[in-house]
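Listed below, chain by chain, are the residues.
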Amino acid sequence: MRKTASFLVAVAVMSLASSLAYAYDPSPLQDFCVAIDEPKNAVFVNGKFCKNPNLTVAVDFFFPGLNIPGNTENLVGSNVTLVNVDRLPGLNTLGISIARIDYAPYGENPPHTHPRATEILTVLEGTLYVGFVTSNPENRLISKVLNKGDVFVFPFGLIHFQFNIGHIPAVAIAALSSQNPGVITIANAVFGSNPPINPDVLAKAFQLDKKVVEHLQAVF
């Protein structure tokens, strides 16, 4: 009897420990979600409100048009067509999204990071020079030239880029491990913030003349 009781206690303790070990907060699905005590003033949740399952239809899980090239006539020569939860409601809670990326000859998807996702990229057409930079203090560049059919992974949250080194347009498909991966383009965020970051801060951080910083802020 005592052995049985001891065994049950041990099982209970192990179960409790296991439940604690696997308990964790959900990952954020937007930049922030400030807590509020009054529900009537709450306008966002961490993700999206769920539709009644009995009212779901096929169109909730469908998005057309990734076969259509994006317009790359811009300063960087690329276009990202992102299909996230805002464009495909059925992605809600599924932790995945997809994007088509078009590159003009010598166009690039400039250095950026996804604050909520890992990215895996597949080249459909063309030749891309891609890479990512590891975290401090190494800041090591890991790069590769990709051709049609090649696949490359950009780890969660790291700064990465793609550059079309070919004479013809290139196309890639990216899958991301979040329904809303977010994107922070480094140059735009640093030099194009609203309101602007104090130029003295950026001049010291980048070891640049203040006038150079102010010029870059005017550009972005």
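To be clear, the structure that these remarks concern was listed above.
Predicted model, so just to flag it, every value in this text is computed and none were measured. Note on numbering: residues in each chain are counted from 1, in written sequence order. Selection of residues for local features in this predicted model requires a pLDDT of at least 70, selection of side-chain atom pairs for listing and counting requires 80 or more, and totals for whole chains, interfaces and linings are taken over all residues. Hydrogens and water are ignored here; the side-chain numbers use all heavy atoms of the structure.

Participant: Is there a simple way to explain the side chain of arginine 100 in this structure?
Facilitator: Checked against the element boundaries, arginine 100 lands in strand β2 (residues 97–103). A polar side-chain atom of arginine 100 sits 2.8 Å from the main-chain carbonyl oxygen of leucine 66. Every residue pair with non-hydrogen atoms within 4.5 Å of one another is taken to be in contact. Non-local contacts of arginine 100, meaning those with residues more than four positions away in its chain, are made with Leu66, Asn67, Ile68, Pro69, Gly70, Asn79, Val80, Thr81, Val171, Ala172 and Ile173. Per the convention used, a helix needs a DSSP run of H or I reaching at least four residues, while a strand needs a run of E reaching at least two, with both numbered from the N terminus. Pairs of N or O atoms within 3.5 Å make up the polar contacts considered here, provided that, within protein, one atom can donate a hydrogen while the other can accept it, and that residues adjacent in sequence are counted only when both atoms are side-chain atoms.

Participant: Just to check I follow, could you spell out the pattern of salt bridges for this structure?
Facilitator: It is possible for side chains bearing opposite charge to pair when their charged atoms get close. We define a salt bridge as a contact between a side-chain nitrogen of Lys or Arg and a carboxyl oxygen of Asp or Glu at a distance within 4 Å. The final tally for this structure, using the stated rule, is six salt bridges. A salt bridge links aspartate 31 to arginine 116; the shortest N-O distance between them is 3.1 Å. Of the two residues, aspartate 31 sits in the loop between α1 (2–21) and β1 (78–83) while arginine 116 sits in the loop between β3 (108–113) and β4 (119–125), which places them 85 residues apart along the sequence. When a residue's accessible area, from a 1.4 Å probe over protein chains only, is under 20% of the maximum for its type it is buried; when over 50% it is exposed; and in between it is partly exposed. Its relative accessible area of 11% is what places arginine 116 among the buried residues. The residue aspartate 60 makes a salt bridge to lysine 51 at a minimum N-O spacing of 3.0 Å. Overall, the relative accessible area of 45% leaves lysine 51 in the partly exposed class.

Participant: When you look at the nonpolar core in this model, what are you seeing that I'm missing?
Facilitator: Generally speaking, nonpolar side chains in soluble globular proteins are found buried as a group. Side-chain atoms within 4.5 Å link the members of a nonpolar core, which is a set of buried Ala, Val, Leu, Ile, Met, Phe, Trp, Tyr and Cys residues. Formed by 13 residues in total, the largest nonpolar core has its most connected members in Tyr103, Leu121, Leu128, Val130, Leu146, Phe152 and Phe154. Secondary structure elements with two or more residues in this core: β2, β4, β5 (128–133), β7 (151–154) and β9 (170–176). Setting aside anything within four residues of it in sequence, one finds phenylalanine 152 in contact with Glu119, Ile120, Leu121, Val130, Phe132, Ile142, Lys144 and Leu146. Judged by nonpolar contacts, the second largest core, of five residues, contains Val190, Leu202, Ala203 and Val213.

Participant: What is the right way to look at the sheet that holds β2 in this model?
Facilitator: Sheets are built from strands that pair by backbone hydrogen bonding, the pairs being arranged parallel or antiparallel. Here five strands make up an open sheet; going across it, the order is β1-β2-β9-β4-β7 and the pairing antiparallel. At either end of the open sheet lies a strand with only one pairing partner, and these are β1 and β7. Each adjacent strand pair in this sheet contributes to an overall mean axis angle of 20°, direction not counted. Here, a strand pair is defined by DSSP locating no fewer than two bridges between the strands. Where β2 lies against β9, seven bridges are found, and the strand directions are antiparallel. By the bridge assignment, aspartate 102 is partnered in β9 with valine 171. The angle between two axes is taken between their N-to-C directions and runs from 0 to 180 degrees, where each axis is a line fitted to C-alpha atoms and a helix contributes only its stretch in contact.

Participant: Is there a simple way to think about the environment of aspartate 102 in this case?
Facilitator: Residue position: aspartate 102 is located in strand β2. A C-alpha to C-alpha distance of 9.8 Å links aspartate 102 and isoleucine 68, two positions 34 residues apart in sequence. In this structure, aspartate 102 is in contact with Pro69, Gly70, Thr72, Gly77, Ser78, Asn79, Ala170 and Val171, ignoring residues within four places of it in sequence. Of the polar contacts made by the side chain of aspartate 102, one reaches the backbone nitrogen of glycine 70; its length is 2.9 Å. A distance of 2.9 Å separates the side chain of aspartate 102 from the side chain of arginine 100, its partner in a polar contact.

Participant: I keep staring at the sheet that holds strand β8 (residues 160–164) and nothing clicks. Help me out?
Facilitator: Read from one edge to the other, the open sheet built from five strands follows the order β6-β5-β8-β3-β10, with strand pairing classed as antiparallel. The open sheet is flanked by β6 (141–146) and β10 (184–185), the only strands paired with a single partner. Where β5 lies against β6, six bridges are found, and the strand directions are antiparallel. The residue bridging leucine 128 from the neighbouring strand is leucine 146, located in β6.

The values reported here are purely geometric and, on their own, carry no functional implication.
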